[in-house]
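Coordinate inspection notes
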Amino acid sequence: MDVNFSPDELAFRDEVRAFLRDNLPAGMRDRVRRGDDRCLREDIPAWQRILHGRGWGAAWWPRQFGGTGWSKAQQFLFETECALACAPSQLAFGLKMVAPVLMRFGNVEQQQRFLPRILDGSDWWCQGYSEPNSGSDLASLETRAERDGDAYLVNGQKSWTTLGQFADWIFCLVRTDPKAKPQRGISFLLVEMKTPGISVRPTRLLDGRHEVNEVWFDNVRVPIENRVGGENEGWTCAKYLLGHERTNLGGIGGAKRELERLLALAASIERDGRPLLDDALFSTRIAEVEIELTALTLTNLRVIFAEARREAPGPEASMLKIRCTEVMQRISELEVDALGARALEFDDSFDDEAEAQVTRAVRAYLNQRKLTIYGGSNEIQRNIIAQMILKV
Amino acid sequence: MDFSFSEEQLLLETTTRRFFASEYSFERRFDILRSEAGWSRDVWRQLGELGLLSVSIPEEHGGVAAGPVGAMLVSQAVGAGLLLEPYHSSALVATHAIARLGSVEQRERWLPDLASGERVAVLAHEEPRAVLDLSRMSTRATRVQRGWVLNGHKFGVYHAPMADLLLVSARLDDGKTALFALPSSLPEIARRNFRTVDGQRAADLRFENVCVSDDAYLSAGADAELLEVLDFGIATLCAEAVGCLRRVLEATIEYSRARTQFGVPIASFQALQHRMADMLIRVEEARSMSYLATTRALDADAGSRRAALSGAKALIGKAARRVGQEAVQLHGGMGMTDELDISHHFKRLLAFELRFGTTDEHLETYRQQMLAAYRRSENTSHG
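The sections below set out a description of the structure shown in this document.

Thresholds, definitions, all that
- Residues numbered from 1 in each chain as written.
- Chains lettered and ligands numbered in written order.
- Predicted model: local features only at pLDDT ≥ 70, side-chain atom pairs only at ≥ 80, totals over all residues.
- Heavy atoms only, no water.
- Helix = DSSP H or I, 4+ residues; strand = E, 2+ residues; numbered from the N terminus.
- Rg over C-alpha atoms; globule rule 2.2 N^0.38 Å.
- Buried < 20%, exposed > 50% of the residue type's maximum accessible area, 1.4 Å probe, protein only.
- Contact = heavy atoms within 4.5 Å.
- Areas by Shrake-Rupley, 256 points an atom, 1.4 Å probe, with all protein chains shown as cover.
- Buried area = accessible area lost by both parts, 1.4 Å probe.
- Salt bridge = Lys/Arg side-chain N within 4 Å of Asp/Glu carboxyl O.
- Polar contact = N/O pair within 3.5 Å; in protein donor to acceptor, adjacent residues only side chain to side chain.
- Phe/Tyr/Trp six-rings, centres within 6.5 Å; stacked < 30°, edge-to-face > 60°.
- Lys NZ or Arg CZ within 6 Å of the ring centre and 35° of its normal.
- Axes fitted to C-alpha atoms, helices over the stretch in contact; angles between N-to-C directions.
- Parallel < 35°, antiparallel > 145°, perpendicular 65-115°, else oblique.
- Left-handed = near helix turned anticlockwise from the far one by under 90°.
- Nonpolar A, V, L, I, M, F, W, Y, C, P; charged D, E, K, R; others polar.
- Core = buried A, V, L, I, M, F, W, Y, C linked by side-chain atoms within 4.5 Å.
- Expected span 1.5 Å × (residues − 1).
- Arc of directions from axis to C-beta.
- Pairing = 2+ DSSP bridges.

**Let's talk about the overall build of chain A**
A tally of helices and strands in chain A yields 12 helices and 10 strands. Its C-alpha radius of gyration of 22 Å places chain A within 12% of the 21 Å reference for a compact globule of 392 residues. The proportion of buried residues among the 392 residues of chain A is 52%. Of the contacts formed within chain A by residues at least 6 apart in sequence, a portion of 73% connects residues at least 24 apart. Just so you have it, chain A exposes about 17100 Å², and 49% of that area is on carbon and sulfur atoms.

**Section: the interface of chain A and chain B**
Contact residues are listed per partner, giving 46 residues for chain A and 40 residues for chain B. Interface of chain A and chain B: buried area, both sides summed, is about 4100 Å²; carbon and sulfur atoms make up 67% of it. The interface formed by chain A and chain B holds 5 salt bridges in total. For Arg 375 of chain B, the salt bridge is made with Asp 278 of chain A, and the minimal N-O distance between the two is 2.4 Å. The interface formed by chain A and chain B contains 19 residue pairs in polar contact (both at pLDDT 80 or more). Those elements giving two or more residues to the side of chain A that touches chain B turn out to be helix H8 (251-268), helix H9 (280-308), helix H10 (316-339) and helix H12 (378-390) of chain A. A per-element tally of the side of chain A that touches chain B places H9 of chain A first, with 18 residues.

**Remarks on the environment of Asp 351 of chain A**
If you trace the backbone, Asp 351 of chain A turns up in the loop between H10 and helix H11 (353-367). Considered as a pair, Asp 351 of chain A and Gly 66 of chain A are 285 residues apart in the sequence and their alpha carbons are 40 Å apart.

**Describing the packing of aromatic side chains**
This structure, assessed with the given rule, holds 26 aromatic pairs over all chains. Their ring planes at 65 degrees and their centres at 5.4 Å tell us that Trp 56 of chain A and Trp 70 of chain A sit as a pair that is edge-to-face. Taken together, the positions of Trp 56 of chain A in the loop between helix H3 (40-53) and helix H4 (72-84) and Trp 70 of chain A in the loop between H3 and H4 put the pair 14 residues apart, joining distant regions of the chain. Trp 56 of chain A sits in the buried class, given a relative accessible area of 6%. Grouped by ring-pair contacts, the aromatic residues Phe 12, Phe 19, Trp 47, Trp 56, Trp 70 and Phe 78 of chain A constitute a single cluster. The ring of Tyr 240 of chain A carries Arg 104 of chain A above its face, with NZ or CZ at 5.8 Å from the centroid. Over the ring of Trp 110 of chain B we find Arg 109 of chain B, and its NZ or CZ is 4.5 Å from the ring centre.

**Overview of unusual backbone geometry**
Residues and elements named next belong to chain B. A positive phi angle, near 45 degrees, is found at Ala 65, a position not held by glycine. Topologically, Ala 65 is positioned in the loop between helix H3 (41-49) and helix H4 (67-81). Assessed through its relative accessible area of 38%, Ala 65 is described here as partly exposed. Not every positive phi belongs to a glycine, and Leu 82 is a case in point at roughly 55 degrees. Here Leu 82 is to be found in the loop between H4 and helix H5 (87-101).

**Brief notes about the pattern of salt bridges**
All names here are of chain B. As enumerated under the stated definition, the model contains 51 salt bridges over all chains in all. Note that Arg 119 is salt-bridged to Asp 113, the shortest N-O span being 3.5 Å. Residue Arg 119 is classed as partly exposed on the basis of its relative accessible area of 25%. For Asp 113, a relative accessible area of 28% translates into the label partly exposed.

**Digging into the packing of H9 of chain A against H10 of chain A**
Residues and elements named next belong to chain A. At a minimum axis separation of 10 Å, H9 and H10 run at an interaxial angle of 160 degrees. With respect to each other, H9 and H10 are oriented roughly antiparallel. Our pair here, H9 against H10, has a crossing hand that is left-handed. Facing H9, whose interface residues are Phe 282, Arg 285, Ile 286, Val 289, Glu 292, Leu 293, Leu 296, Thr 299, Asn 300 and Val 303, H10 presents Glu 316, Met 319, Leu 320, Arg 323, Cys 324, Val 327, Arg 330, Ile 331, Leu 334, Asp 337 and Ala 338. Split into classes, the residues belonging to the contact of H9 with H10 amount to 13 nonpolar, 2 polar and 6 charged.

**Side note on the nonpolar core**
Formed by 126 residues in total, the largest nonpolar core has its most connected members in Phe 282 and Ile 286 of chain A together with Leu 167, Leu 245, Met 289 and Ile 316 of chain B. Here this core gets 17 residues from one element, more than from any other, and that element is helix H7 (residues 223-258) of chain B. For Ile 316 of chain B, the residues in contact, after removing those within four places along its chain, are Cys 238, Ala 241, Val 242, Leu 245, Ala 286, Met 289, Ser 290 and Phe 352 of chain B. In terms of nonpolar packing, the next biggest core, distinct from the first, is built from 67 residues, Val 16, Leu 102, Ile 170 and Trp 235 of chain A among them.

**With respect to helix H6 (residues 108-119) of chain A**
Three or four residues apart is the spacing at which side chains of an α-helix point the same way, because the helix has 3.6 residues per turn. Residues and elements named next belong to chain A. For H6, built from 12 residues, the straight-helix expectation of 16 Å at 1.5 Å per residue is met to within 8% by its first-to-last C-alpha distance of 16 Å. Taken together, the buried positions of H6 are occupied by Gln 110, Gln 111, Phe 114, Leu 115, Ile 118 and Leu 119. With its buried residues spanning 130 degrees around the axis, H6 presents them on a single face. Residues of H6 that are exposed and point over 90 degrees away from its buried face: Glu 109 and Gln 112.

**Topic: the pairing of strand S4 (residues 169-175) of chain A**
Regular strands place their side chains on alternate faces of the sheet. Residue and element names in this part refer to chain A. Of all 7 residues in S4, 7 are buried, a share of seventy percent or more. Here S4 shows a buried face lined by Trp 169, Phe 171, Leu 173 and Arg 175 and a second buried face lined by Ile 170, Cys 172 and Val 174. Pairing of strand S1 (residues 125-128) with S4 involves 4 bridges; the strand directions are parallel. Residue pairing for S4: Trp 125 is matched across the bridge by Trp 169. Pairing geometry for S4 and strand S5 (residues 186-192), over 7 bridges, is antiparallel. By the bridge assignment for S5, Trp 169 is matched with Glu 192.

**Thoughts on the packing of H7 of chain B against helix H10 (residues 341-354) of chain B**
Residue and element names in this part refer to chain B. Two numbers describe how H7 lies on H10: the axes approach to 10 Å, and their chain directions differ by 150 degrees. Classified by the interaxial angle, the pair formed by H7 and H10 is roughly antiparallel. As H7 runs across H10, the sense of the crossing is left-handed. For the pair H7 and H10, contact is made by Leu 237, Cys 238, Glu 240, Ala 241, Cys 244, Leu 245, Arg 247, Val 248, Ala 251 and Thr 252 and by Ile 342, His 345, Arg 348, Leu 349 and Phe 352, respectively. When the residues that make up the contact of H7 with H10 are grouped by side-chain class, the tally is 10 nonpolar, 2 polar and 3 charged.

None of the figures reported here should be taken as evidence of function without further support.
Take a look at the structure:
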């Protein structure tokens, strides 16, 4: 047993670091650092193209589909280093969500049509799962798809569609058999966003940003060949997608970056004539969360190791989701606490560096309430853990 | 990165678990707990025969030399089984101290008897707040002709009542620290034996002009070496706590599935399910930190070792408090009884929180390390 990375793994990390140093454009990096999302539509595909140019477009994919074929440990190091370097996040909806479903359940035509365009950043995907009345109880979804010749006619509404305003495609769960048991009457459809009958309406969030949307379907014609898997077998795809990411690789690097920022912030703020970082009460709170992040990181590595040895999956995906989101929220709370009354100022300007810092921290605190709600709320995750350990 | 164990390490773990399953039932332990001595020399010799007392002894002295990982696996089983005999104090900490700091002659004199279970040794180090901050240590050793004179006071030394040999830490005239090996039977040592909250035996020891000869002197006089011994003690105590935590969680899960109220198992209530899910998370994070403590226990880099060990002790201490309390609560009235092992685990976990530096002391130590690391990184990036 050894918690340290091997020399090979460290060499790999250094290679990723060097690549990021030489290839991550400074403007992009600074926008991510400041939380400036005004160029998201351009930055995300541009960064995807840069990574693709190096052959690193899809760290998680097998080689046969143009992925890297990296081990889970390498994927972890790659994601952590990218986040620490303030690289734009790669879009999970295409790369980590619909792509694995296509690889597992899609036919060859679908794989050849969609995967290369995800890999090179041509297509922006979004997710059509949640509906106004179907959140945790996803299988109760009501968006209908009825056969009409060689197509489905889709009617209904999806909600909380993240970055749907930029999307070229949406993958949707739709009800194709209203009479069957809820899970048995669902199909998995790929829908082009420019299809007539689709309208996207912004849902403004508490942080003032436009991040999520309602997507309305009004007699939208979707060719049958855009269905992945069999008709009424979409729930299998949905479950596969939700269970695919056991290890929640993305979060740790982001949390480490935020913690570094918190330390720097506390060192820069003066309280009672000395840096806030020297205040025993406040720095003890930072110390507690830093220790928790260390424990979370090691737990994540243990899960990766178990997965590589193909040990039977347990409740670890839920465990990591709960703790990673709690730790990130905790860090953002501490940033607001560090700012104190200065955090009241909420100006949506990126021109003044200091002001932008304050607003970014407050916005992050507000925005990150989502972490414990989305992706299966933390209460649902606790249900999953309980079912596994209690077998009730 | 490797979270697997070698065959030898797994064998050691299996041996220990088998011993507890077949030889250390709750009833047998209960009898030992109630006995005058509070430990069983038979059990101790059995552990010696199984080779478990020599995991910290180097091969050249006939030991198993299982290293921190082997010691961790045995300690997990010791914690789960609530062993009352001085495994951690004698077979791990004191034995490691002698192996690490003793001269060849001293090692040859003491290690064989410690390995066989003929003798028990303990490290007498604890003083208020002086566990990690050796500058607070008040016990003194003064040089005299052909020996030393010890004066001082050690508090709550676990397993001192059953020890044959005391390894007493003391500050020398030049400010350095050293260990002195004393026969526990010396009449000049004033002692007050007592039972601890977790049913073990300990003593306050008072040294007033206790004269020892030169061959009792046990180290080159470096603080770093004593701290390393203490960190090995912290890492293995953390492993004990993790074994205890896992058992407590298992017991709570089993109990909630068996206990019926309102016509259904109480495990079917979501209010309790979520609490057990949180217990699992804390136990797994405690285990992760125990792995970190084990890997860093002998790390020569004192800074990274200090942060890892104190971080682990602080996080596992909090898990011990929370998971222990939750386990009692979820057992209801049964969690309060002396007849069920859950209350014994609860008290063992409480003792863990308080020993080898409390949770708060380690959190403070970690905080200091964190600030120092931040300043170093600032200086590097600006200089």
